[in-house]
Amino acid sequence: MEGYAYTIWIILLPFLVFLVTGVLSLRIRPQLAGWIGTAGILVTLVLSLLTAWNYFSAALPADGGWPTVIPVNYTWLRFSDTLVVHMGVLLDPISIMMLLVVSIVSSMVHIYSLGYMKDEPGFARYFAFLSLFSFSMYGLVLATNLFQIYFFWELVGVSSYLLIGFYYDRPSAVAAAKKAFIVTRFADFGFLVGILLLSWYSGTFDFLALNNPDGAAIAGAASATFMGASVLTWALVLIFMGGAGKSAMFPLHIWLPDAMEGPTPVSALIHAATMVVAGVYLVARLFPVYHMSGGAALEVVAWTGAITALFAALIAITQEDIKRVLAYSTMSQIGYMMLSLGVSGYGGEEGLGYTASMFHLFTHAMFKALLFLGAGAVIHAVHSNVMGDMGGLRKYLPITHAAFLVACLAIAGIPPLSGFFSKDEILAAALHHNPAIYGIALLVAGLTALYMFRLYFRVFWGEEKAYAHKPHEAPLVMWGPLMVLAALSVVGGFIPFGHYVSSDRQVMAMHPEMSIAVTASVVSIAGILLAMWLYRRPSALPAQIAGSLGSLYQSAKNKFYIDEIYMGVTKKILFAGIATPVAWFDRHIVDGTMNAIANLTARISSVIKGLQSGHVQQYAVGFVVGVLGLVVIFIYWLKF
Amino acid sequence: MEKIIFYILSAVILSLSLMSVLSRKLLRSAVYLFGVLTAIAGFYFLIGYHFLGAVQLTVYAGGIVVLIIFSILLTHDIDHQMPTPDWSRVAVAGALCVAGAVMFVQLLQGSLFSRVEAPEQSDLNTVGNTLLNPGGGGYLLPFEVVSILLLAVMIGAIVIAKQRHSVDDSSPEKQAP
Amino acid sequence: MIPGVSLIEILTVSTLMFFIGVYGFLTRKNLITILMSLELMLNGAAINFVAFNKYLYPGQPNGQLFALFLIAVAACEVALAIAIVINLYRKIKAVDVEQVNTLKH
């Protein structure tokens, strides 16, 4: 139990760095702010690695399960004896895994940003925001209770807002930042209601009490029913709504593609590797509760994940903007993790989906961050986001090309790269629980290979474009992190993940199933070959296929008109039906009353201000009239 | 005899008051006021309050009127003729005053005053003793207050009437460098 | 007591004098004449004090003393008013009360 007290500094250090660089951002040299931020995050990386080493190298307790360690738990707000809000640090296998993901990716992004954001105005501000984000994300993953996670949940939302809107002089960036914030905020409303419901019935915020498999904490919520389902199920579905908002699950995904307006390293950090998987982490964190509530809430999770995975993969095939392809790919992969959690059982082999989901979260964070940073290097070289402006770049950017290829193979699930192992486990878990979802997942695996290699071939192969100036390889601070992440993407799959992370914390052996592995690999390779055939050399084939698919292609290209539906709902129903009458009422009745009072006062005062003429004799006339009037009233009329 | 004197005094007081208020020449107005105040002093003598009458003559007729005449001479030339006030002002003021006078005189006619019979105590000794008596029924405190008031007014009048050379001249000099 | 003269008669005279003063106060524009009208009103009041003392409370000198204080206060008032008039004349070269309406600002 002791010995982990230093972990509080993992949270506090980035906050201090944020304060220092934020307050001094205009005073110190930008480069210095960048170095301070990077140094701070590297210290937390070392601390995280140390924590992981200490935790996983310690001997397992007698019952064979990984312990939950709470080295710091500070009572923040004490409203009553039962309503107490703590802030603290909780260490268990998944929080340590998330700690590693956040610290590794964040460190790589910090280093990469030193090169990528060089000479940007607001360089110091950028690093201050990155530190704020790191602080919030650490606080989120190490949260000991629901309230703390909610607190930091909103903080990552804010830092995401700030970083998406980093180029605040671009209207599109401002709009994207607002969209991201409002959509996730809307989802967080459900999250908050869910937290309140859950804590009302269970009387606690603490994960330790909630997740106790034979605990009485959630018995009350499980027995109370509302509209055909237990209150517990409703609460968990509402909490999942918050997670779906943050993790860009259909239909709350609309903010993520637009969030690509932010700087590319930010997309890598926040919108690929860490913040967007917070929803997955949240469900995993509460997984025992989800499991105990019966299957309904998990069913929602599974189908939301499956639909999102398929839906986003279809859109990703049609997009032209390199970052948007990656954004939809992220959505699709997070959908994968969600569906894996949704099909998982609790304990032993049943819990394979849980382990697979966390495994995929880990590997995905590495290769998706790599993809984004690689895309950043490409954008850095050709100064465009659009694939139409790229082609044949493998000659100019050999290092980036190699890293990108590794990442594409990893995400496509080609053995022996990391994506192969984690995706395999997910498929195995899905097959054992729900064949329909397995079918969808397999299809998505093929589509993933297709769209990733479409991207790869169009950027690095294909027709060479006429570049304004010759593309050149990025500096060391940029390709260094690419190498680190590429190495992790290669070897990540060999981590015996089941040994460390499982639904009931017991050590679980994972047996790769040959049949599934072969099927998935064949599907992926088919996707790759299709992409190769279509895009390796310039040809008219893709356009012909797009034409023959007609409306399906068009609707996928237009993101299935989800944005338009949202606009329609908000404009036609919310704005026209509710907001406009309310605004009218406010403007004409509420304001009107106030204005009428004000106008009346102004009019009366303009009339009676003539009385204050400053002429003494007029006052005297009033005085005499008043005296005589009093005499008349009191003596002649009332007859005193 | 006293009755006749009283009527004469009353007639003088009222007529000179009216002339003082109506006259269009400032200096004449002041002289009529002087006549009014003197007649009032005569009334005090008639009623038997000699000390008060003397004070009225010296302070009012002798001091205040002289002060007023000084200020007139300082601010106007002697032949200055004031314009007649406009008729609306005259009408309003006249109506108010006539109404008020009629009302109050009419009220006076119906009033019953009860007299507290006591031996007449109006000699200078009584006045002086009461004025400077610190005990019950004495007026020492108001006396002192009035003396402080006089001092304050003296200083105030000097400050107000003084030319503010020092302030006006020094401020631009301070700002100049 | 003045033989043959009633209190009512004296009070009538003082009342009339007071209202003559009020008339002057309301019609005049010149500050100095307004001041003189004020003196008329004050003296009307002083006559009242004296008459009440003489006719109703002959045993005490209170009315006389009030008249005395009144004279003192009137002297103060006039001194101050004259100072103001002179200062005003120095500033705007007039003593017209119509031009002195800065009180409203």
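Residues numbered from 1 in each chain as written. Chains lettered and ligands numbered in written order. Predicted model: local features only at pLDDT ≥ 70, side-chain atom pairs only at ≥ 80, totals over all residues. Heavy atoms only, no water.

Novice: So what exactly am I meant to see when it comes to the overall build of chain C here?
Specialist: When helices and strands are tallied, chain C shows three helices and zero strands. The N-to-C order of helical and strand elements in chain C reads α-α-α. Taking all 105 residues of chain C together, 61% fall into the buried category. (Helix = DSSP H or I, 4+ residues; strand = E, 2+ residues; numbered from the N terminus. Buried < 20%, exposed > 50% of the residue type's maximum accessible area, 1.4 Å probe, protein only.)

Novice: I would appreciate a short explanation of the overall build of chain A in the present structure.
Specialist: The helix and strand inventory of chain A stands at 26 helices and four strands. For chain A, the residues scored as buried account for 55% of the 640 residues in total. Considering only contacts in chain A between residues 6 or more positions apart, those separated by 24 or more positions represent 79%. For chain A, the accessible surface area stands at approximately 25,800 Å², while carbon and sulfur atoms represent 71% of it. (Contact = heavy atoms within 4.5 Å. Areas by Shrake-Rupley, 256 points an atom, 1.4 Å probe, with all protein chains shown as cover.)

Novice: How should the packing of helix H1 (residues 2–22) of chain B against helix H1 (residues 7–27) of chain C be read in this particular structure?
Specialist: For any two helices packed against each other, the geometry comes down to the angle between their axes and how far apart the axes lie. Relative orientation of the contacting elements H1 of chain B and H1 of chain C amounts to 10°, with a least axis distance of 9 Å. One finds that H1 of chain B runs roughly parallel with respect to H1 of chain C. Residues Phe 6, Tyr 7, Ser 10, Ile 13, Leu 14, Ser 17, Leu 18, Val 21 and Leu 22 of chain B of H1 of chain B touch H1 of chain C, and the partners they reach there are Glu 9, Ile 10, Val 13, Leu 16, Met 17, Ile 20, Tyr 23 and Gly 24 of chain C. When the residues that make up the contact of H1 of chain B with H1 of chain C are grouped by side-chain class, the tally is 13 nonpolar, three polar and one charged. (Axes fitted to C-alpha atoms, helices over the stretch in contact; angles between N-to-C directions. Parallel < 35°, antiparallel > 145°, perpendicular 65-115°, else oblique. Nonpolar A, V, L, I, M, F, W, Y, C, P; charged D, E, K, R; others polar.)

Novice: Help me understand the interface of chain A and chain C, please; the structure alone is not making it clear to me.
Specialist: The parts lose accessible area when they come together, and the size of an interface is often stated as this lost area. Contact residues are listed per partner, giving ten residues for chain A and 13 residues for chain C. Summing both partners gives a buried area of about 900 Å² for chain A against chain C, and 65% of it is carried by carbon and sulfur. For the pair chain A and chain C, the number of links is zero salt bridges. Inspection of the chain A/chain C interface yields two residue pairs in polar contact (both at pLDDT 80 or more). By residue class, the composition of the side of chain A that touches chain C is five nonpolar, five polar and no charged. (Buried area = accessible area lost by both parts, 1.4 Å probe. Salt bridge = Lys/Arg side-chain N within 4 Å of Asp/Glu carboxyl O. Polar contact = N/O pair within 3.5 Å; in protein donor to acceptor, adjacent residues only side chain to side chain.)

Novice: Would you mind going over the pairing of strand S2 (residues 84–91) of chain A with me for this structure?
Specialist: For a regular strand, side chains alternate in direction, first toward one face of the sheet and then toward the other. Residues and elements named next belong to chain A. Summarising burial for S2: eight of the eight residues are buried, a large majority. Of the two faces of S2, both are covered, the one formed by Val 84, His 86, Gly 88 and Leu 90 as well as the one formed by Val 85, Met 87, Val 89 and Leu 91. In sequence, strand S1 (residues 69–78) turns back onto S2 through a hairpin of five residues. (Pairing = 2+ DSSP bridges.)

Novice: Got a minute to help me understand the pattern of salt bridges in this structure?
Specialist: If the charged atoms of two oppositely charged side chains come close together, the side chains can form a pair. Going through the model one piece at a time under the given rule, you end up with nine salt bridges over all chains. One salt bridge in this structure joins Asp 258 of chain A and Lys 179 of chain A, with 2.7 Å as the shortest N-O distance. Within this pair, whereas Asp 258 of chain A is found in helix H10 (residues 255–258), its partner Lys 179 of chain A is found in helix H6 (residues 171–202), the two being separated by 79 residues in sequence. Relative accessible area serves as the criterion here: at 16%, Asp 258 of chain A is assigned to the buried category. Of the charged contacts, one joins Arg 89 of chain B and Asp 86 of chain B as a salt bridge, the two residues approaching to 3.7 Å between their closest N and O atoms. Taken together, the shared-partner salt bridges connect Lys 179, Asp 258 and Arg 324 of chain A into one network.

Novice: Quick question: what am I supposed to make of the interface of chain C and chain B here?
Specialist: Residue-level contacts link 72 residues of chain C with 81 residues of chain B. For the pairing of chain C and chain B, the buried interface totals around 7,100 Å² over both sides, and the portion due to carbon and sulfur atoms is 76%. At the junction of chain C with chain B, the criterion picks out 14 residue pairs in polar contact (both at pLDDT 80 or more). Looking at which element gives the most residues to the side of chain C that touches chain B, the answer is helix H3 (residues 62–92) of chain C, with 24 residues. For the side of chain C that touches chain B, the residue count by class is 51 nonpolar, 14 polar and seven charged.

Novice: Help me out: how do you make sense of a nonpolar patch on the surface in this one?
Specialist: Together, Tyr 561, Ile 565, Val 569, Ile 573, Leu 574, Phe 575, Ile 578 and Val 582 of chain A make up an exposed nonpolar region whose accessible area comes to about 730 Å². Residue classification places Phe 575 of chain A among the partly exposed positions, given a relative accessible area of 44%. (Patch = residues over 30% accessible without salt bridge, like charges linked within 9 Å, V, L, I, M, F, W, Y side chains within 5 Å.)

Novice: Please clarify how the packing of aromatic side chains should be interpreted in this entry.
Specialist: Think of a pair of aromatic rings as described by two things: how far the centres are apart, and how the planes are tilted against each other in angle. Under the definition given, this model contains 37 aromatic pairs over all chains. In this structure, Arg 285 of chain A packs its charged tip against the face of Phe 207 of chain A, placed 5.5 Å from the ring centre. (Phe/Tyr/Trp six-rings, centres within 6.5 Å; stacked < 30°, edge-to-face > 60°. Lys NZ or Arg CZ within 6 Å of the ring centre and 35° of its normal.)

Novice: Looking at this model, I keep getting lost on the nonpolar core. Mind explaining?
Specialist: It is characteristic of soluble globular proteins that their nonpolar side chains tend to be buried jointly. Leu 146 and Tyr 290 of chain A are the most contacted members of the largest nonpolar core, which has 201 residues in total. Here the element with the most residues in this core is helix H16 (residues 352–382) of chain A; it accounts for 21 residues. Those residues within four positions of Tyr 290 of chain A in sequence are excluded, and the remaining contacts are Leu 236, Ile 239, Phe 240, Val 283, Ala 297, Leu 298 and Val 301 of chain A. Judged by nonpolar contacts, the second largest core, of 81 residues, contains Ala 30, Tyr 60 and Ala 61 of chain B together with Leu 56 of chain C. (Core = buried A, V, L, I, M, F, W, Y, C linked by side-chain atoms within 4.5 Å.)

Novice: Explain the side chain of Thr 12 of chain C here, please?
Specialist: Its location among the elements puts Thr 12 of chain C in helix H1. Residue class for Thr 12 of chain C comes out buried when judged on its relative accessible area of 16%. Of note is the side chain of Thr 12 of chain C, whose polar atom sits 2.6 Å from the backbone oxygen of Ile 8 of chain C. If near-sequence neighbours (up to four positions away) are discounted, Thr 12 of chain C is found in contact with Val 105, Leu 108 and Gln 109 of chain B.

Novice: Could you clarify how one ought to interpret helix H2 (residues 26–47) of chain B in this entry?
Specialist: Residue pairs spaced three or four apart in an α-helix point in one direction, given the helix's 3.6 residues per turn. With 22 residues, H2 of chain B should reach 32 Å at 1.5 Å per residue; the first-to-last C-alpha distance of 32 Å fits that figure. Of the residues trailing H2 of chain B, Gly 48 of chain B is marked for its positive phi of about 105°. (Expected span 1.5 Å × (residues − 1).)

Novice: When you look at the pairing of S1 of chain A in this model, what are you seeing that I'm missing?
Specialist: With seven bridges joining them, S1 of chain A and S2 of chain A adopt antiparallel strand pairing. In the strand pairing of S2 of chain A, Leu 77 of chain A is matched with Val 85 of chain A.

Novice: Looking at this structure, I do not really get the packing of helix H15 (residues 322–342) of chain A against H16 of chain A. What am I missing?
Specialist: All names here are of chain A. Contact pair H15 / H16: the axes reach a minimum separation of 9 Å and the direction vectors enclose 175°. What the angle tells us is that H15 and H16 run roughly antiparallel. Note on element contacts: H16 touches H15 through Gly 353, Tyr 354, Ala 356, Ser 357, His 360, Leu 361, His 364, Lys 368, Leu 371, Phe 372, Ala 375 and Ile 379, opposite Ile 322, Lys 323, Leu 326, Ala 327, Ser 329, Thr 330, Gln 333, Tyr 336, Met 337, Ser 340 and Leu 341. Of the residues belonging to the contact of H15 with H16, the class tally is 13 nonpolar, eight polar and two charged.

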